[in-house]
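One-letter residues, chain by chain:
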Amino acid sequence: MIDLATASAQWRVATVMAIRNETATVKTISFDVPGWPGHLGGQHVDLRLTAEDGYVAQRSYSIASGARSGPLVELTVDAVPDGEVSGFLHADLRIGDQIEIRGPIGGYFAWSAAHDYGLLLIAGGSGIVPLMSMLRSRAAGGATQPARLLYSSRGIDQIIYRAELDRLAAQGAGAHFTLTHTLTRNAPSGWTGERGRIDRMMLTRRQFTPAGNPDVYVCGPTAFVETIAEHLVAMGHKAGNVRTERFGPTGAIRA
Ligand SMILES: Cc1cc2nc3c(=O)[nH]c(=O)nc-3n(C[C@H](O)[C@H](O)[C@H](O)COP(=O)(O)OP(=O)(O)OC[C@H]3O[C@@H](n4cnc5c(N)ncnc54)[C@H](O)[C@@H]3O)c2cc1C
């Protein structure tokens, strides 16, 4: 039997199999990770880069691929201005390159079909990544409970996974999935989604209410996550049902 704790703590050599552009500043990188023990939607990995002189940079990245993706693990990385690791992954990483990955990490911000009670997902920017993994896991597993996603982006061109989200939402009742976008800066003419930042009124309007005790997952920049978690609890969600993941800087750098 595999000891999952030991398997997750082990650094594995991951080979880049594919790189695709999601938006002008976001790429998805597919890695082949031999011996990958499997993961749940919402978990993350630590990624470690080691330079020839021994300098090491390590960051956390959520897993984008669904729970059933086998040895292929996908990460979706936003290029942070002047970002050391995200900058390297965007500018220098090539197919066939190898880096080190450790995981999966995190049991708290994770979803499995075993507790499919209905799901409310709220994302800001690249905070969509672990929520997409949950949605992909759910879609592959034929979930029967409703899920809603409220996804905040600056503009339409910054929406990550837009086509795939639209496809999931278009499956309608069969997928039990309702998608709402909000654009905080520029909305094109004819835009039928929400505009502006997520507030309590938008959450209520889009039925992110506590009725039925749904599990709520919120992910994005630290300030975004904290504001929304406060709104949700004020609306009557049990604090224990509101799970949060903050994409703040993780800069653990060692020489
Ligand atoms: C659990 C977890 C999961 C994460 N998953 C993802 C993911 O799926 N995709 C993804 O793109 N990122 C994710 N992140 C963020 C990621 O770990 C890095 O922080 C990010 O890629 C920046 O690293 P860097 O080395 O490029 O920037 P650094 O060189 O560390 O920082 C450069 C500058 O950018 C600022 N900065 C650093 N990180 C951020 C940030 N996240 N947002 C805004 N400004 C920042 C710094 O304060 C600094 O001014 C996750 C973070 C956590 C904690």
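Residues numbered from 1 in each chain as written. Predicted model: local features only at pLDDT ≥ 70, side-chain atom pairs only at ≥ 80, totals over all residues. Heavy atoms only, no water.

## Side note on unusual backbone geometry
With an omega of 0 degrees, the peptide bond running from Gly103 to Pro104 counts as cis. Despite not being glycine, Tyr161 shows a phi value in the positive range, around 60 degrees. For Gln207, which is not a glycine, the phi torsion comes out positive at approximately 65 degrees. Turning to its location among the elements, Gln207 is positioned in the loop between α5 (200-205) and β11 (215-220). (Helix = DSSP H or I, 4+ residues; strand = E, 2+ residues; numbered from the N terminus.)

## A few points about the site of the ligand
Near the ligand you find 22 residues, and of these Arg59, Ser60, Tyr61, Ser86 and Phe247 are the closest. Separating an oxygen atom of the ligand from a backbone N or O atom of Val85 is a distance of 2.8 Å. The side chain of Ser86 places a nitrogen or oxygen atom 2.6 Å from an oxygen atom of the ligand. Calculation on the ligand without its partners gives an accessible area of 900 Å², and the protein chains cover 74% of this total. Of all elements in the fold, only β4 (56-62), β5 (72-78), α2 (84-91) and β12 (242-246) reach the threshold of two or more residues within the shell around the ligand. No other element matches the four residues that β4 contributes to the shell around the ligand. For the shell around the ligand, the class distribution of residues is eight nonpolar, eight polar and six charged. When we break the shell around the ligand down by domain, the ones giving at least three residues each are domain 1 (4-105) and domain 2 (119-246). (Near = heavy atom within 4 Å. Polar contact = N/O pair within 3.5 Å; in protein donor to acceptor, adjacent residues only side chain to side chain. Areas by Shrake-Rupley, 256 points an atom, 1.4 Å probe, with all protein chains shown as cover. Nonpolar A, V, L, I, M, F, W, Y, C, P; charged D, E, K, R; others polar. Domains from an automatic or database assignment.)

## What about the nonpolar core?
One finds Ile128, Leu131, Leu149 and Leu165 to be the most contacted residues of the largest nonpolar core, which totals 27 residues. In terms of residues, this core owes the most to one element, helix α3 (residues 128-141), which gives six residues. In contact with Ile128, not counting residues within four places along its chain, are Ala123, Leu149, Tyr151, Ile160, Tyr161 and Leu165. Listed in part, the 20 residues of the second largest apolar core include Val16, Trp36, Leu47 and Val77. (Core = buried A, V, L, I, M, F, W, Y, C linked by side-chain atoms within 4.5 Å. Buried < 20%, exposed > 50% of the residue type's maximum accessible area, 1.4 Å probe, protein only. Contact = heavy atoms within 4.5 Å.)

## Notes on the packing of α3 against helix α4 (residues 162-170)
Relative orientation of the contacting elements α3 and α4 amounts to 40 degrees, with a least axis distance of 12 Å. Classed by the angle they form, the pair α3 and α4 counts as oblique. Viewed along their axes, α3 and α4 form a crossing whose handedness is left-handed. Counting all contacts with α3, which are made through Ile128, Met132, Leu135, Arg136 and Ala139, the residues of α4 involved are Glu164, Leu165 and Leu168. Class assignment for the residues of the contact of α3 with α4 results in six nonpolar, no polar and two charged. (Axes fitted to C-alpha atoms, helices over the stretch in contact; angles between N-to-C directions. Parallel < 35°, antiparallel > 145°, perpendicular 65-115°, else oblique. Left-handed = near helix turned anticlockwise from the far one by under 90°.)

## Regarding the pairing of strand β3 (residues 44-50)
Counted residue by residue, β3 has six buried out of seven residues, so it is predominantly covered. Relative to β4, β3 is paired through seven bridges, and the arrangement is antiparallel. Pairing of Arg48 across the sheet is with Gln58, part of β4. Counted between consecutive antiparallel strands, the loop separating β3 from β4 contains five residues, among which Gly54 sits at a positive phi close to 95 degrees. Where β3 meets strand β6 (residues 98-105), four bridges bridge the pair, whose relative direction is antiparallel. Bridging across to β6, His44 finds its partner in Ile105. (Pairing = 2+ DSSP bridges.)

## Some words on the domain arrangement of the protein
On domain assignment, one finds that the protein holds domain 1 (4-105) and domain 2 (119-246). Between domain 1 and domain 2, the contact holds 20 residues from the first and 16 residues from the second. Note on domain 1 versus domain 2: buried area summed over both sides is about 1200 Å², and carbon and sulfur give 56% of it. Viewed at the interface, domain 2 and domain 1 are joined by zero salt bridges. Our count for the contact surface shared by domain 1 and domain 2 stands at four residue pairs in polar contact (both at pLDDT 80 or more). Those elements giving two or more residues to the side of domain 1 that touches domain 2 turn out to be β1 (11-23), β2 (26-32) and β5. Among the residues making up the side of domain 1 that touches domain 2, the classes are represented as five nonpolar, 10 polar and five charged. (Buried area = accessible area lost by both parts, 1.4 Å probe. Salt bridge = Lys/Arg side-chain N within 4 Å of Asp/Glu carboxyl O.)

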